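This is what each chain is made of:
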Amino acid sequence: MNSIWVITKRELSSFFDSLTAYILLTVFLGLSGFFTWLYGSDIFFIGQATLQPFFSIAMWTLFFFIPALTMRMLAEEKRSGTIELLLTKSVNDWQVILGKFSACLALIAIALLLTLPYYITLSFIGPVDHGAVWTGYFGMLLMSMAYISIGLFASSITNNQIVAFLLALFVSVFFLIIFDVLAGNFTGSMGQFFNFLSISTHYESISRGVIDSKDLIYFLSISFFGLMLAETSLSKRNIVE
Amino acid sequence: MSIVVENLTKKYGTQRAVDNISFEVKTGEVLGFLGPNGAGKTTTMKIITCFMAPSDGDIKVGGLSIHEHQDEIKKKIGYLPENNPLYYDMLVLDYLEFVANLQGVPKEKIQKRIAEMVVMTGLNVEKHKKIGELSKGYRQRVGLAQAMIHDPEILILDEPTTGLDPNQIVEIRKLIKELGKEKTVVLSTHILPEVEATCDRIMIINNGKIVADGTSDMLRKQAQGQEILRVQISEAGDRDSVISSLSGLESVALVDPVEDNNNTFIINSNENLSSRKPIFNLCVLNNWVLTEMTPIETKLEDIFRELTTN
């Protein structure tokens, strides 16, 4: 447990020591603020005191930002060889991966925390469905977990950050768009199956204020499988090099 | 703390990087790994440090097997990998603290250990810089400092002196010798005088197999087989008679006069015999003046070349 925390702390401070964290926070807040308050189907356009516009735009901003965070994490360590230094310390593969995972999640949590003023502002404008807001944030964290583990997996199978980034996008786009489109094209059990695989189905139901165990299991199992695959591919060094 | 390697094999695909090797390193021993590139030195080290699993065989570190007790073993080993990878965006002191935390150094001792390491490796001037801003030699010192920060009982150093200037090399060698008194040290290097200067024992690996193992003296003898002396005798008169009397000695196999110097001979002894004493006695007997008697040693370079080219 302690080792995970040590790694998390290092990763977080490396976000803040470089410009990564500041750029991410600024652009995330800028984009989501712009689309929530000023442009398109923003809050004033809808005319309801709801954070729904923010949640749907954040789904997309996170889709691009999380791979940018995770692409470096394992690929760069493998390229520069520091992974050897790290794994010959008193830590195992799981602790390294979980440490990096929680560092990313913490940065996303900080980004989300900084959007709380939206919520406060909104509560002055009109009657807000408080439950829906909190579950919306909760759903966003769950979705981030899924994206982060997909990103870590992508980063674990290559030494090249760009490849890791594109690969993470490629995998995520299935969950975000393609399964959704397929669900529309098929009927019956096939359609239901793809519908279940689609992130937006689960995310929307959570951000409306319903926390269903089905949705929880969905996000947690994507995260789990992503991390497990990342761990497996990290431990592959035992077999081939 | 000892390291026992038993029938270790590591395959990359069909290639055997390490091929069924066994050896033991005792507590307080400094073992030098020699071998051409790709001989299997680094692979062996990576397996000892639990970075990679072997294809076959076992290593016991202090009696604990690498298959079961990885966490405990990693805590006891300080490792400096080849090429010395480091986080270039971290500050030297932050990095040392990070490693100390990972290696489970007790919280209250961390600052003290860091201060000791900084002094020991001479990092004082550079300690507030980012690692990426340091010169190669200083990075190497950071690598050594992080390997030793938790006061491990075993040090595994993969080419510890690359990139250092001659003064630093001498310092680091001295440091390794010093550490080797209490700790078990395994180091690999291409620099042959370095092994002689720092190691108690030398092991030469080629194509994943151990081809030689022993102290540098033992290796020399093994490679040479017989004693070779360079002898200069003056005031001896006739050269041919000197040669014939020298050849007459029981222990002498061959006398070879050096062309351009009348009085100098290269004398090969018979196997396992020394001709130093008989030659001296012969000179005394005939009233010759013995002005030089030097044993000619096979250079470690020659041994290395002989064992690793085939």
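Residues numbered from 1 in each chain as written. Chains lettered and ligands numbered in written order. Predicted model: local features only at pLDDT ≥ 70, side-chain atom pairs only at ≥ 80, totals over all residues. Heavy atoms only, no water.

Draft legend 1. Structural view of the overall build of chain A. Each helix and strand counted, chain A has twelve helices and zero strands in total. The N-to-C order of helical and strand elements in chain A reads α-α-α-α-α-α-α-α-α-α-α-α. Its C-alpha radius of gyration of 19 Å places chain A within 12% of the 18 Å reference for a compact globule of 241 residues. C-alpha extents for chain A along the principal axes are approximately 55 × 45 × 30 Å. For chain A, the proportion of its 241 residues judged to be buried stands at 52%. Considering only residue pairs separated by 6 or more positions, chain A has 76% of its internal contacts joining residues 24 or more positions apart. Summing over all exposed atoms, chain A offers an accessible surface of approximately 10,700 Å²; the carbon and sulfur share of this is 72%. For chain A, the separation between the mean place of its 11 positive charges and that of its 14 negative charges on side chains is 8 Å. (Helix = DSSP H or I, 4+ residues; strand = E, 2+ residues; numbered from the N terminus. Rg over C-alpha atoms; globule rule 2.2 N^0.38 Å. Buried < 20%, exposed > 50% of the residue type's maximum accessible area, 1.4 Å probe, protein only. Contact = heavy atoms within 4.5 Å. Areas by Shrake-Rupley, 256 points an atom, 1.4 Å probe, with all protein chains shown as cover. Lys, Arg positive; Asp, Glu negative; His and termini not counted. Charge placed at Lys NZ, Arg CZ, Asp CG, Glu CD.)

Draft legend 2. Geometry of the pattern of salt bridges. By the definition in use, this model includes 19 salt bridges over all chains. Across the pair Lys60 of chain B and Glu6 of chain B runs a salt bridge, and its minimum N-O distance is 3.6 Å. One end of the pair, Lys60 of chain B, is in strand β4 (residues 56-61); the other, Glu6 of chain B, is in strand β1 (residues 3-12), with 54 residues separating them in the sequence. For Asp151 of chain B, the salt bridge identified is with Lys183 of chain B, shortest N-O distance 2.7 Å. Here Asp151 of chain B, found in the loop between α5 (136-148) and β7 (154-158), pairs with Lys183 of chain B, found in the loop between α6 (166-179) and β8 (184-188); they are 32 residues apart in sequence, far enough to count as distant. Residue Lys183 of chain B is classed as buried on the basis of its relative accessible area, which comes to 10%. Among the ionic contacts, a cluster of salt bridges with common partners joins Arg10, Glu11, Arg72, Glu77 and Lys100 of chain A. (Salt bridge = Lys/Arg side-chain N within 4 Å of Asp/Glu carboxyl O.)

Draft legend 3. Representation of the side chain of Ser156 of chain A within the structure. All names here are of chain A. Assignment of secondary structure puts Ser156 in helix α8 (residues 130-156). On the basis of relative accessibility, which here comes to 1%, the residue Ser156 falls in the buried class. For Ser156, the side chain forms a polar contact with the main-chain oxygen of Phe153, separated by 2.7 Å. Contact partners of Ser156, with chain neighbours within four places excluded, come to Leu74, Lys78, Ala230 and Ser233. (Polar contact = N/O pair within 3.5 Å; in protein donor to acceptor, adjacent residues only side chain to side chain.)

Draft legend 4. Main features of the interface of chain B and chain A. Contact with chain B, which involves 26 residues of that partner, is made by 24 residues of chain A. For the pair chain B and chain A, the two sides together bury roughly 2,500 Å², of which 56% comes from carbon and sulfur. For the chain B face of the interface with chain A, the top three residues by lost area are Phe51, Tyr87 and Leu102 of chain B, together amounting to 30%. The interface formed by chain B and chain A holds one salt bridge in total. A salt bridge links Lys46 of chain B to Glu84 of chain A, with the shortest nitrogen-to-oxygen separation between them at 3.9 Å. Inspection of the chain B/chain A interface yields six residue pairs in polar contact (both at pLDDT 80 or more). Mapped onto the side of chain B that touches chain A, the elements with two or more residues apiece are β1, α2 (70-76) and α3 (92-102) of chain B. Considering every element that reaches the side of chain B that touches chain A, the biggest residue donor is α3 of chain B, with five residues. Its residues assigned to classes, the side of chain B that touches chain A shows 15 nonpolar, four polar and seven charged. (Buried area = accessible area lost by both parts, 1.4 Å probe. Nonpolar A, V, L, I, M, F, W, Y, C, P; charged D, E, K, R; others polar.)

Draft legend 5. A look at the layout of surface pockets. Taken as a whole, the largest pocket encloses approximately 760 Å³ of empty space. Residue lining of the largest pocket: 35 residues in total, with Glu77, Lys78, Arg79, Gly81 and Ile83 of chain A positioned closest to the centre. At the level of secondary structure, the elements contributing two or more residues to the lining of the largest pocket comprise α1 (2-17), α4 (52-80), α5 (82-87) and α12 (213-235) of chain A together with α1 (41-48) of chain B. Of the residues forming the lining of the largest pocket, the biggest block, seven residues, is contributed by α4 of chain A. Considering only residue class, the lining of the largest pocket consists of eleven nonpolar, nine polar and 15 charged. (1 Å grid on protein atoms, 1.4 Å probe; cavity = no way out; pocket = protein on both sides within 12 Å on 5 of 7 lines; lining within 4 Å. Points joined across faces, edges and corners; volume = space filled by probe spheres on them.)

Draft legend 6. Highlighting empty space enclosed by the protein. By the definition in use, this model includes one cavity of 30 Å³ or more. In this model, the largest cavity occupies a volume close to 30 Å³. Around the largest cavity, the lining residues are Thr82, Leu85, Leu86 and Lys89 of chain A together with Tyr87, Tyr95, Phe98, Val99 and Leu102 of chain B. For the lining of the largest cavity, the secondary structure elements donating two or more residues are α5 of chain A together with α3 of chain B. With four residues, α3 of chain B is the single largest residue contributor to the lining of the largest cavity. Of the residues in the lining of the largest cavity, the class split is seven nonpolar, one polar and one charged.

Draft legend 7. Geometry of the nonpolar core. Residues Leu51 of chain A together with Tyr95 of chain B are the most contacted members of the largest nonpolar core, which totals 147 residues. Those residues within four positions of Tyr95 of chain B in sequence are excluded, and the remaining contacts are Leu85 of chain A together with Leu86, Tyr87, Met90, Ile131, Val142 and Gln146 of chain B. The next biggest cluster of nonpolar side chains, apart from the first, holds 15 residues, and it includes Leu246, Val255, Phe265 and Ile279 of chain B. (Core = buried A, V, L, I, M, F, W, Y, C linked by side-chain atoms within 4.5 Å.)

Draft legend 8. Fine view of the domain arrangement of chain B. We note that the domain assignment places domain 1 (3-214) and domain 2 (226-297) within chain B. Put simply, the middle of domain 1 of chain B and the middle of domain 2 of chain B, counted by C-alpha atoms, are 47 Å apart. (Domains from an automatic or database assignment.)

Draft legend 9. Geometry of the sheet that holds strand β13 (residues 264-269) of chain B. Residue and element names in this part refer to chain B. Here four strands make up an open sheet; going across it, the order is β12-β13-β11-β14 and the pairing antiparallel. With partners counted over all chains shown, the strands left at the sheet margins are β12 (252-257) and β14 (289-295), one partner each. Each adjacent strand pair in this sheet contributes to an overall mean axis angle of 25°, direction not counted. Across the sheet, helix α9 (residues 239-248) touches β11 (228-234), β12 and β13, and the angle it forms with β12 is around 160°. (Pairing = 2+ DSSP bridges. Axes fitted to C-alpha atoms, helices over the stretch in contact; angles between N-to-C directions.)

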